[in-house]
Amino acid sequence: MRRLSKKKALSLVKELDAFPKVSESFVETTASGGTAFSAMAILAVLEFFVYRDTWMKYEYEVDKDFSSKLKINVDITVAMKCQHVGADILDLAETMITSTGLQYQPVIFELTPQQRLWQRTLHLIQSRLREEHALQEVPYKTLLKGAPTALPPRESSSIEPLDACRIHGHVYVNKVAGNLHITVGKPIHHPQGHAHIAAFVSHESYNFSHRIDHLSFGEEVPGIINPLDGTEKITYNNNQMYQYFITVVPTKLNTYEIAADTHQFSVTERERMINHAAGSHGVSGIFVKYDTSSLMVTVSEQHMPLWQFLVRLCGIIGGIFSTTGMLHSLVGFCFNVICCRFKLGVYRPREVSLDKKQTSSVSDFSLNQLNLFQDSLLHNQMNNLTNHQSPLLAGNAGLE
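In what follows, the accompanying structure is described. Keep in mind it's a predicted model, so treat the numbers as computed, not measured. (Residues numbered from 1 in each chain as written. Predicted model: local features only at pLDDT ≥ 70, side-chain atom pairs only at ≥ 80, totals over all residues. Heavy atoms only, no water.)

## Details of the overall build of the chain
Here is the rule we go by: Secondary structure counts use DSSP, requiring at least four H or I residues in a row for a helix and at least two E residues in a row for a strand, with both numbered from the N terminus. The cut-offs for exposure are 20% and 50% of the maximum accessible area for each residue type, with area from a 1.4 Å probe on protein chains only; residues under the lower value are buried, those over the upper are exposed, and the others partly exposed. Contact between two residues is taken to exist if any of their heavy atoms lie within 4.5 Å; hydrogens are not considered.
In terms of regular secondary structure, the chain is built from six helices and 15 strands. Considering the chain as a whole, with its 400 residues, one finds that 31% of them fall into the buried category. Within the chain, contacts between residues at least 6 apart in sequence are counted, and of these 81% link residues at least 24 apart.

Right, here's the structure in full:
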């Protein structure tokens, strides 16, 4: 019994309909309905792609972490032999950090065709990133998916002499301004200052042509392209100084692929020739002067909420229906006005062509109808007159 009552209740709910139904014979299909449905389907599909897309949100706050260490990742190739060049870091607090975390590897400075192709591709990406800063979101959203940003190794061993030195590794420094030196001679640490032993290196062997394959601060994130990656400087002067002024910004990266504490940086380049006679003093070498920013940037990947997608979808459907309805009414009104003005379409008067015989018969028929109408009118008037006179005659006869 309970099951039967449930079935009756279900059938009653199914039969319940608050909206009146119109017979299909009274429904007229128009082209605007199909157009509206097509536009609605296209916009709904495009809106779904927008819903699937993500964007990067940037938030700024004061960096309150001053006690932690800053990691510097270095991969620089200098066109000098390893026994003639040295690297170290001297920060603003006069704290000298020796290059114990850096390794010196003899290599060939000239790149192979495959490595040169990689470098040209990296230069093209760098130029596009400088022109369109919004493209930086693309590497952020495709982390761990793209090709590695490191220089590919050589395909085979070469018999060419090892004329360059690759300085690579990482060093932990204080979060204050500092200077990374790569110059002639090995660095030595003493309380009086900073020095490099360059007495046994001939001046003719100075060559600070270099290539920066990678330079970053903080945690290394695969897929991120830094501003100085792929930079190559060639000089034919022994007394050349290269300076890179870097501003480091702490960055917290939170995406759907990775969460990391890294650092972005901007760089200004300068190079000049050392000539004491002309007043250009200094030391030949490569100097990377960095300073940390007091602001911290939080980069997070955002996604459109589901409720917002549904609201936008309902707006698209309602807007398409109302807009196409108004356009259809407006076009129909303009069409009717034009057709009525120039008597086109249904507004064109119908022309009936009749021959002579038909014309004469029509005219005879019209005259006969007119005569009959006149006779009937006269007959009615006579009857009315007779009806008005009869009582008077009857009254007169009584008087006699």
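Here the narrative resumes.
## Quick word on the environment of Leu162
The topology assignment puts Leu162 in the loop between helix H4 (137-141) and strand S6 (164-174). Counting along the chain gives 81 residues from Leu162 to Lys81, while the straight-line C-alpha distance between them is 7.8 Å. When near neighbours in sequence (up to four residues on either side) are disregarded, Leu162 contacts Pro106, Val107 and Ile108.

## Things to note about the side chain of Asp75
Using the following cut-off: Here a polar contact is recorded for every N or O atom pair within 3.5 Å, except that within protein the pair must consist of a potential hydrogen donor and a potential acceptor, and residues adjacent in sequence are included only if both atoms are side-chain atoms.
One can find Asp75 in strand S2 (residues 69-78). Polar contacts involving the side chain of Asp75 include one to the side chain of Arg166, which spans 3.0 Å. Asp75 has contacts with Arg166, Ile167, His168, Arg211, Ile212, Asp213 and His214, leaving out every residue within four places of it along the chain.

## Structural notes on the environment of Ala39
Among the structural elements, Ala39 can be located in helix H2 (residues 31-52). Remark: the alpha-carbon pair of Ala39 and Phe321, spanning 282 residues in sequence, is separated by 9.9 Å.

## Thoughts on the nonpolar core
The cut-off we apply is this: Among buried residues, the Ala, Val, Leu, Ile, Met, Phe, Trp, Tyr and Cys ones that are joined through side-chain atoms within 4.5 Å form a nonpolar core.
Ranked by size, the top nonpolar core spans 33 residues in total, and within it Ile72, Val78, Ile182, Leu215, Phe217, Ile246 and Tyr290 carry the most contacts. Mapped onto this core, the elements with two or more residues apiece are S2, strand S3 (85-91), S6, strand S7 (178-184), strand S10 (210-218), strand S12 (240-254) and strand S14 (285-292). Per element, the largest residue contribution to this core is five residues, and it comes from S2. Setting aside chain neighbours within four positions, we find Leu215 in contact with Ile72, Asn73, Val74, Asn226, Leu228, Asp229, Ile246, Phe265 and Val288. Core analysis: the second largest hydrophobic core is formed by eight residues, Leu253, Ala260, Val297 and Val299 among them.

## Structural notes on the pairing of S14
The condition is simple: Note: two strands are recorded as paired if DSSP finds a minimum of 2 bridges between them.
Alignment of S7 against S14, held across six bridges, turns out to be antiparallel. Residue Ile182 lies in a different strand from S14, and its bridge partner there is Ile286.

## Some thoughts on the pairing of strand S15 (residues 295-303)
Relative to S15, strand S1 (residues 54-62) runs antiparallel, the two sharing nine bridges. The residue of S15 that forms the bridge with Tyr58 is Val299. Of the strand pairs in this sheet, S12 and S15 are connected by four bridges, and their pairing is parallel. Residue pairing for S15: Lys252 is matched across the bridge by Thr298.

## Looking at helix H3 (residues 113-131)
Threshold: The span you would expect from a helix comes to 1.5 Å times its residue count less one. The directions from the helix axis to the C-beta atoms form the arc being described.
Here H3 spans 27 Å end to end across 19 residues, near enough to the 27 Å set by a 1.5 Å rise per residue. When we look at burial in H3, the residues that qualify are Gln115, Trp118, Gln119, Leu122, Gln126 and Leu129. The buried residues of H3 all sit within an arc of 100 degrees when viewed along its axis, so they share a single face. Opposite the buried face of H3, at more than 90 degrees from it, the exposed residues are Pro113, Arg120, Leu124 and Glu131. Buried residues in H3 make contact with S10 and strand S11 (231-233).

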